[in-house]
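# Secondary and tertiary structure notes
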Amino acid sequence: MGNKKILITAATGVTGSAAAANLLGLGIPVRALVHRIDARSEQLRAQGAEIVEGDLLDFAVLDKALLGITGAYFCYPIQIPGIIESTAFFTQAALDAGVGTIVNMSQISARRISKSVAARNHWIAERLLDRSGIPVTHLRPTFFAEWLIYFAESIQKDSVLPLPFGDARYAPIAAEDQGRVISAILNDPTGHAGKIYPLYGPTELSEYEVADLLTEILGRKITYQALEIKEFMPVWEKTVGSKTFNQQHIASVAQECREGLFSGTNDWVEKITLRKPLGMREFILQNKGLFA
């Protein structure tokens with residue numbers, strides 16, 4: 001790839017910021033595309049990133065952001081519609097700029113027949129990127145470990161973890177591990193082009209078992225409140241302020257999680273990064289202050 005310069009989109013998000021920090025730590029120049037200038041973008045600037053402010057649905061912004069870039073991380077926010085249009089803009093701008101490789105953040109439920117409109121659109125976006133001819137790697141993580149943080153207040157105040165996943169088991173993956181995967185591939189894309197990597201944490205757990213870990217670490221009883229999906233949606237809206245598009249996505253993937261779509265484990269994180277992924281016990285310990 002010659003002299004590398006990497007574009008990280010969604011650079012103040014949990015995966016983008018982790019990927020940017022890893023690349024900067026390797027001495028690789030990073031351009032960070034952020035939706036707005038704030039404390040998070042200033043932290044990236046302090047770490048050495050070049051900051052570009054703009055929207056992923058603005059073709060002119062993407063043209064500017066991708067100029068001189070050798071590899072890019074594309075991550076469109078799951079909360080809002082527009083990924084197909086943004087992917088088309090991003091792909092064209094990347095072709096015009098001569099970008100050599102793309103790492104695309106998709107999701108485990110991305111498929112033609114997904115119940116979620118957002119997940120189906122992620123699958124279509126994958127196909128658009130594939131057709132561009134640019135070497136691309138798709139990441140399909142299961143639910144993030146960071147889901148716990150959404151409910152930190154409920155865990156703190158009510159000692160309750162309210163989720164709609166029934167007794168389904170899956171292996172939550174931390175954003176920091178995904179950031180290491182992203183940076184590793186962008187640093188050396190050899191052998192990754194055309195690959196789809198499902199990403200998992202090390203151990204499948206039910207939410208009952210996650211609540212047991214919280215109980216052990218916090219020293220007080222934390223109860224998993226196993227809500228029905230319809231009961232959960234007002235909780236989700238109150239927690240994150242979600243809109244109709246995201247509500248449909250969350251309700252759909254909750255059902256798919258119950259059906260086992262989010263379950264499984266593999267060793268891709270360790271193979272790509274040469275480090276084992278973070279377990280939920282370690283994740284809770286790292287973030288104990290948020291729940292205590």
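Residues numbered from 1 in each chain as written. Predicted model: local features only at pLDDT ≥ 70, side-chain atom pairs only at ≥ 80, totals over all residues. Heavy atoms only, no water.

## Here's the deal with the pattern of salt bridges
What counts is decided by this rule: Should a side-chain nitrogen of Lys or Arg be within 4 Å of a carboxyl oxygen of Asp or Glu, the pair is scored as a salt bridge. The numbering of helices and of strands both runs from the N terminus, where a helix is a DSSP run of H or I of at least 4 residues and a strand a run of E of at least 2. Note on exposure labels: buried denotes an accessible area under 20% of the residue type's maximum, exposed denotes more than 50%, and partly exposed covers the range between, all computed with a 1.4 Å probe on protein chains only.
For the structure shown, the criterion picks out 15 salt bridges. With a closest N to O distance of 3.2 Å, Glu42 and Arg45 form a salt bridge. Residue Glu42 and its partner Arg45 are located together in helix H2 (residues 39-47), separated by three residues, close to a single helical turn. The exposure class assigned to Arg45 is partly exposed, which follows from its relative accessible area of 40%.

## Let's talk about the packing of helix H4 (residues 83-97) against helix H5 (residues 117-131)
Convention followed: Geometry is summarised by axes, namely lines fitted to C-alpha atoms with helices restricted to the contacting stretch, and by angles between N-to-C directions that run from 0 to 180 degrees. Each angle is binned into one of four classes, with values under 35 degrees roughly parallel, values over 145 roughly antiparallel, values of 65 to 115 roughly perpendicular, and all other values oblique. Working rule for handedness: look at the near helix, and if it is turned counterclockwise from the far one by less than a right angle, call the crossing left-handed; if clockwise, right-handed. Contacts between residues were defined by any pair of non-hydrogen atoms, one from each residue, lying within 4.5 Å.
Orientation of H4 relative to H5, taken along the N-to-C sense of each, is 15 degrees, at an axis distance of 9 Å. When the axis of H4 is compared with that of H5, the two are roughly parallel. Crossing of H4 against H5: the hand is right-handed. Packed against H4, whose contacting residues are Ile83, Ile84, Thr87 and Thr91, the element H5 presents Asn121, His122, Ile124, Ala125, Leu128 and Leu129 at the interface.

## Some remarks on the UniProt feature "domain: NmrA-like" (unreviewed entry) in the protein chain
Selection criterion: UniProt positions are given in the numbering used here, feature names are shortened, and annotations may be inferred rather than shown by experiment.
Per the UniProt record, "domain: NmrA-like" (unreviewed entry) is annotated on residues 3-233. Counted over residues 3-233, helix gives 43% and strand 17%. Its end C-alpha atoms are 48 Å apart.

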